[in-house]
Structure formats: structure tokens, C-alpha cells
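Inside the fold
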Amino acid sequence: MARSDRNEKINAIKKTARFAGLVYLIIAIIAILANFFVLESLIVQEDAATTANNIMANELLFRSGIACFMVLVILDVLVAWALYILLKPVNKNLAMLAAWFRLVFAAILGVALHNLLSVLQLLSGADYLTVFETEQLQAQAMLFLNAFNNTWLIGLTVFGLHLFVLGYLVFKSGYIPRIIGILLVVSSLGYITDSFANFLLPNYANYEPIFLLIVAVPAIIAELSLTLWLLLKGINSERWEKRVRESA
């Protein structure tokens, strides 16, 4: 019976690891589609009229982007749960903290989506909007698009904190390679640095390409490494069992 229970626990934790890796992979794909193939293709910075025309000419695409972001909110909740299950033998309290940071990030993203829905309302041509000039509606739509970005930026600050705690737990786990933990911590510092640069630098736009590299390169390497390891390798079951016994 004991051997049977042990095998069941090991199989369950391996499935959880692969589930986390799969969800992480889906998150990456959907995030790229929603951000770069939807928003970036429709929004023309500093040109409210062109942006509004692009959105209304491709309304289904814009709505699809909103739907993708909503799916991301749900998937982030799932991956927060899976990572908590995987890492609680290392430190239950810190694993819970990492999960809460990710849940808060998901909640902030959900709130940010309200701004995208407001853009659709402003450009819908409803009768009650006739009191505004076309240029005013377009300017307000651009304001809501910027509000979405700013709210998401706040969320990414929290996400950076999530990655920092996650990286520490991975580094200390013993059943996931330590190098992945180090990469996650480096990636977290990139997110936090970029966010605070946005908040503090009035001329942030002049340095945006540099900060984009600071965020994108470590994030891609770290999160892709974790994703592929969980998906293809899972965890070292013997070391995981050892951690479980120590935590007990």
C-alpha cells in the first residue's frame, strides 16, 4: 500500500509539472498573439484617428485580442496553482506568496481589460455619443488604450516580484535545475527595472529600446527554460520526495 501511495504521489506531481509547463507554453503563445499580432498591429502611437479607424475596420480582430487576454487571466490562475503544488515542499509560505503575486497580476490584467472594452464603446457609434465630436471620441479611445498599457505595467511590476520569489524557490528546490532559478531572478529584475523606469523617467521613450532588451531577453530565456523543462523533463522525483520528507 505504501509503495502504491508513493507511486501515485510521484505520478501526480509529474503530471502537475507537465501541466504547469503546458499552461506556461499556451500563455506565451496567446500573449504574443494578443499583444503583437492584435494590439501592435492596430495601434499607431500619437495618431488617434488612424488607430480608431484601424480598430473599427478590424473590430473582430480587436475583440479577439480582448478574448485572448481574458483567457490569459484564467490560465495565470491555473499556473499559479500548479506552481504552488510543485514548490510548496521547498517553503510553503514562500510558495503561497509567489502564487498570490501571480493571482494579483492576473487580477490587475483583468481590471486593465475594462479599458479595451471602453474603447469599443467609444467607437461604437451609439446615439448617446453624438454629443461628442469624432476627434474627441478618438482621443478618448487613445486615452483608454494608454490606460490599459499603464495598468498592465503596474501588473508587470507585481509579476516581476512573482518571478523573483519563484526563482528563489526553484533555486532552492533541488529538483529543478538551479540555473533556471537564477535566470528567473534575473528576469524579475528586468521587469521591475523597466516598470520603475516608466514611472520615474519623463523621457522614458528615448530609452525604450534599451529597456525592452533588458526585459525581453532575460524573460524569454528564463520563462522558456522553465516551460520546456517542466514540459519535457518534469521534476527529479527522488529529490522531490526528499524535500517532502524534510518539510514534513
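For the structure itself, look to the data block above.
Read on for a plain summary of the structure. (Residues numbered from 1 in each chain as written. Predicted model: local features only at pLDDT ≥ 70, side-chain atom pairs only at ≥ 80, totals over all residues. Heavy atoms only, no water.)

**Structural notes on the overall build of the chain**
Note the cut-off: Put simply, DSSP marks the helices as runs of H or I at least four residues long and the strands as runs of E at least two long, and each gets a number from the N terminus on. A simple rule labels every residue: compare its accessible area, found with a 1.4 Å probe on the protein chains alone, to the largest value its type can have, and call it buried under 20%, exposed over 50%, or partly exposed in between.
If you tally the helices and strands in the chain, you get eight helices and zero strands. Going residue by residue from the N terminus, the α and β elements of the chain occur as α-α-α-α-α-α-α-α. Its C-alpha atoms give the chain principal-axis dimensions of roughly 75 × 40 × 25 Å. In the chain, buried positions account for 42% of the 248 residues.

**Brief notes about a nonpolar patch on the surface**
Put simply, the rule reads: Put simply, a patch holds well-exposed residues, over 30% relative accessible area, that have no salt bridge, with like charges counted together within 9 Å and Val, Leu, Ile, Met, Phe, Trp or Tyr side chains within 5 Å. The protein chains shown are the only cover counted for residues, whose accessible areas, like all others here, come from Shrake-Rupley with a 1.4 Å probe. A side-chain nitrogen of Lys or Arg and a carboxyl oxygen of Asp or Glu constitute a salt bridge if their distance falls within 4 Å.
Taken together, the side chains of Ile-154, Phe-196, Phe-199, Leu-200, Leu-201, Tyr-207, Ile-210 and Ile-214 define a hydrophobic patch exposed on the protein surface, amounting to about 740 Å² of accessible area. Counting only elements with at least two residues in the nonpolar patch, the list comes to α6 (178-200) and α7 (204-233). Mapping Phe-196 onto the fold places it in helix α6. By relative accessible area, which is 40% here, Phe-196 ends up partly exposed.

**Topic: the nonpolar core**
For clarity, the cut-off: The term nonpolar core refers to a set of buried residues drawn from Ala, Val, Leu, Ile, Met, Phe, Trp, Tyr and Cys, joined through side-chain atoms within 4.5 Å. Only heavy atoms matter for contacts: two residues are in contact if any of them lie within 4.5 Å across the pair.
Of all hydrophobic cores here, the largest spans 66 residues; its most connected members are Phe-62, Phe-69, Leu-86, Leu-87, Phe-148 and Leu-166. Elements represented by at least two residues in this core include exactly α1 (2-42), α2 (48-57), α3 (59-87), α4 (92-122), α5 (134-173), α6 and α7. With 13 residues, the top contributor of residues to this core is α3. If near-sequence neighbours (up to four positions away) are discounted, Phe-148 is found in contact with Leu-39, Phe-69, Leu-109, Ala-112, Leu-113, Asn-115 and Leu-116.

**Focus on the pattern of salt bridges**
Using the criterion set out here, one finds two salt bridges in the structure. A salt bridge links Glu-59 to Arg-63, with the shortest nitrogen-to-oxygen separation between them at 3.0 Å. Linking Glu-59 with Arg-63, this pair stays in helix α3, spanning four residues, or about one helical turn. A residue is classified by how much of its surface remains accessible, and Glu-59, at 27% relative accessible area, is partly exposed.

**A short note on α7**
The cut-off we apply is this: Expected helix span is computed as 1.5 Å times (number of residues minus one). What the bend at a residue measures is the angle between two axes, fitted to the seven residues ending there and to the seven starting there.
End to end, α7 covers 40 Å across 30 residues, agreeing with the expected 44 Å (1.5 Å per residue, within 8%). Along α7, the largest kink reaches about 40° and is centred on Ile-210. Within α7, the full set of buried residues consists of Tyr-204, Phe-211, Val-215, Pro-218, Ala-219, Ala-222, Glu-223, Leu-226, Thr-227 and Leu-230. Trailing α7 by a residue or two, Gly-234 shows a phi angle of about 75°, which is positive.

**Side note on α6**
Under the 1.5 Å per step criterion, the end-to-end length of α6 is 33 Å for 23 residues, consistent within 8% with the ideal 33 Å. Buried within α6 we find Ile-180, Gly-181, Leu-184, Ser-187, Ser-188, Gly-190, Tyr-191, Ile-192, Asp-194, Ser-195 and Ala-197. Residues of α6 that are buried sit in contact with α5 and α7.

**Quick notes on the side chain of Ser-195**
Summarising the element assignment, Ser-195 is placed in helix α6. Its relative accessible area of 1% is what places Ser-195 among the buried residues. With sequence-adjacent residues up to four places away left out, Ser-195 is seen in contact with Leu-153, Leu-156 and Thr-157.

**Thoughts on the environment of Tyr-168**
By secondary structure assignment, the location of Tyr-168 is in helix α5. Residues Tyr-168 and Pro-202, spaced 34 residues apart in sequence, show a C-alpha to C-alpha distance of 33 Å. Not counting residues within four places of it along the chain, the set of residues in contact with Tyr-168 comprises Leu-94 and Val-185.

**Description of unusual backbone geometry**
Phi at Glu-46 is positive, roughly 65°, even though this residue is not glycine. For Glu-46, the position within the fold is in the loop between α1 and α2. Judged by relative accessible area, Glu-46 falls into the exposed class, the value being 78%.

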